[in-house]
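# Chains, contacts and geometry: an overview
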Amino acid sequence: MNPPEQWTAVDRYISEHLVPGDPALDGAVQASAEAGLPPIAVSPAQGKLLHLLARSIGARSILEIGTLGAYSTIWLARALAPGGRLVTLEANLQYAELATANIARAGLSDTVELRLGKALDTLPELAAEAGGPFDFTFIDADKQNTPEYFTWVLEMSRPGSIIITDNVIRDGAVIDDATEDPVVQGGRRFHEMLASEDAFGGRVSATTIQTVGVKGYDGFTFALVLPR
Ligand code: SAH
Ligand code: DHB
Ligand code: MG
């Protein structure tokens with residue numbers, strides 16, 4: 001599943017020109033690799049895109065589902081308006097501990113709240129606490145539950161909120177209606193729900209963009225929450 005050399009080379013070119021590293025981001029990547037975390041964080045170019053999207057709407061509250069080593073978390077938290085906050089949900093204790101250290105090194109401990117637990121448990125808790133509305137959400141956890149996560153996130157959104165969902169293309173497998181891969185099934189079910197007026201009550205307008213790069217061939221869905 002290694003990406004073609006050219007995709008990697010071009011991503012390096014983009015990073016060199018437009019996405020300078022810094023001690024916090026580079027440190028998060030290095031510490032994650034040393035701790036043996038899977039190398040599945042967003043790429044630098046994708047991290048900066050998330051950052052720019054959140055910044056462009058002046059986000060004051062951000063939700064992330066799937067922290068890993070907090071690489072995307074750091075990009076997103078840095079987009080927050082002064083006084084803003086980010087809640088990130090992670091089920092794995094070891095990842096959460098490393099993420100907490102990486103967030104501290106980035107000077108974001110007061111901005112980021114990491115909640116340990118399965119997102120299907122922590123999302124209802126967050127909603128019950130009136131944890132929203134979130135201006136911007138990044139869904140990037142276990143992909144088979146993406147449609148359920150999206151449903152919860154919509155509950156905690158407002159008209160104008162943006163919801164980005166990662167890994168919805170999976171090497172193009174999203175069009176394979178015979179797939180037995182739960183990750184791909186999650187992406188397919190997600191698209192079916194977005195396509196159905198009933199599922200989200202016509203409350204979102206969405207599109208999906210295919211991507212290539214250091215992470216291979218995949219894609220993300222951009223959804224805008226509409227007025228009720
Ligand atoms: N957003 C990160 C990458 C996340 S990888 C980045 O780009 O830097 C997916 C993460 O989701 C992993 O850390 C995994 O432990 C977490 N995860 C998997 N199942 C989960 C669940 N049920 N609830 C919360 N987190 C989960
Ligand atoms: C993979 C990539 C991701 O971006 C992710 O969130 C989870 C898994 C992967 O390539 O396996
Ligand atoms: Mg991802």
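It should be noted that the structure appears before, not after, this text.
It should be emphasised that the depicted structure is a prediction, and the values quoted were computed from it without experimental measurement.

A tally of regular secondary structure across the protein chain gives eight helices and seven strands. Relative to the 2.2 N^0.38 estimate, which gives 17 Å for 228 residues, the radius of gyration of the protein chain is 17 Å and therefore close to what a compact globule would have. Referenced to the eigenvectors of the C-alpha coordinate spread, the extents of the protein chain come out at roughly 45 × 40 × 30 Å. Contacts in the protein chain between residues far apart in sequence, at least 24 positions, make up 72% of those at least 6 positions apart. About 11,100 Å² of surface is accessible on the protein chain, with carbon and sulfur atoms providing 55% of the total. Each charge class in the protein chain was averaged separately, 17 positive and 29 negative side chains, and the resulting centres sit 7 Å apart.

Relative to strand β7 (residues 216-225), strand β6 (residues 204-213) runs antiparallel, the two sharing 10 bridges. By the bridge assignment for β7, Thr207 is matched with Phe222. The turn joining β6 and β7, which pair antiparallel and follow one another in sequence, is formed by two residues.

Looking now at the packing of helix α7 (residues 146-155) against helix α8 (residues 182-195). For the pair α7 and α8, interaxial distance at closest approach is 8 Å and the crossing angle is 45°. With respect to their mutual orientation, α7 and α8 come out oblique. On α8, the residues that touch Thr146, Pro147, Glu148, Phe150 and Thr151 of α7 are Gly186, Arg189, Phe190, Met193 and Leu194. Its residues placed into classes, the contact of α7 with α8 shows five nonpolar, three polar and two charged.

Rules and cut-offs
- Residues numbered from 1 in each chain as written.
- Chains lettered and ligands numbered in written order.
- Predicted model: local features only at pLDDT ≥ 70, side-chain atom pairs only at ≥ 80, totals over all residues.
- Heavy atoms only, no water.
- Helix = DSSP H or I, 4+ residues; strand = E, 2+ residues; numbered from the N terminus.
- Rg over C-alpha atoms; globule rule 2.2 N^0.38 Å.
- Contact = heavy atoms within 4.5 Å.
- Areas by Shrake-Rupley, 256 points an atom, 1.4 Å probe, with all protein chains shown as cover.
- Lys, Arg positive; Asp, Glu negative; His and termini not counted.
- Charge placed at Lys NZ, Arg CZ, Asp CG, Glu CD.
- Pairing = 2+ DSSP bridges.
- Axes fitted to C-alpha atoms, helices over the stretch in contact; angles between N-to-C directions.
- Parallel < 35°, antiparallel > 145°, perpendicular 65-115°, else oblique.
- Nonpolar A, V, L, I, M, F, W, Y, C, P; charged D, E, K, R; others polar.

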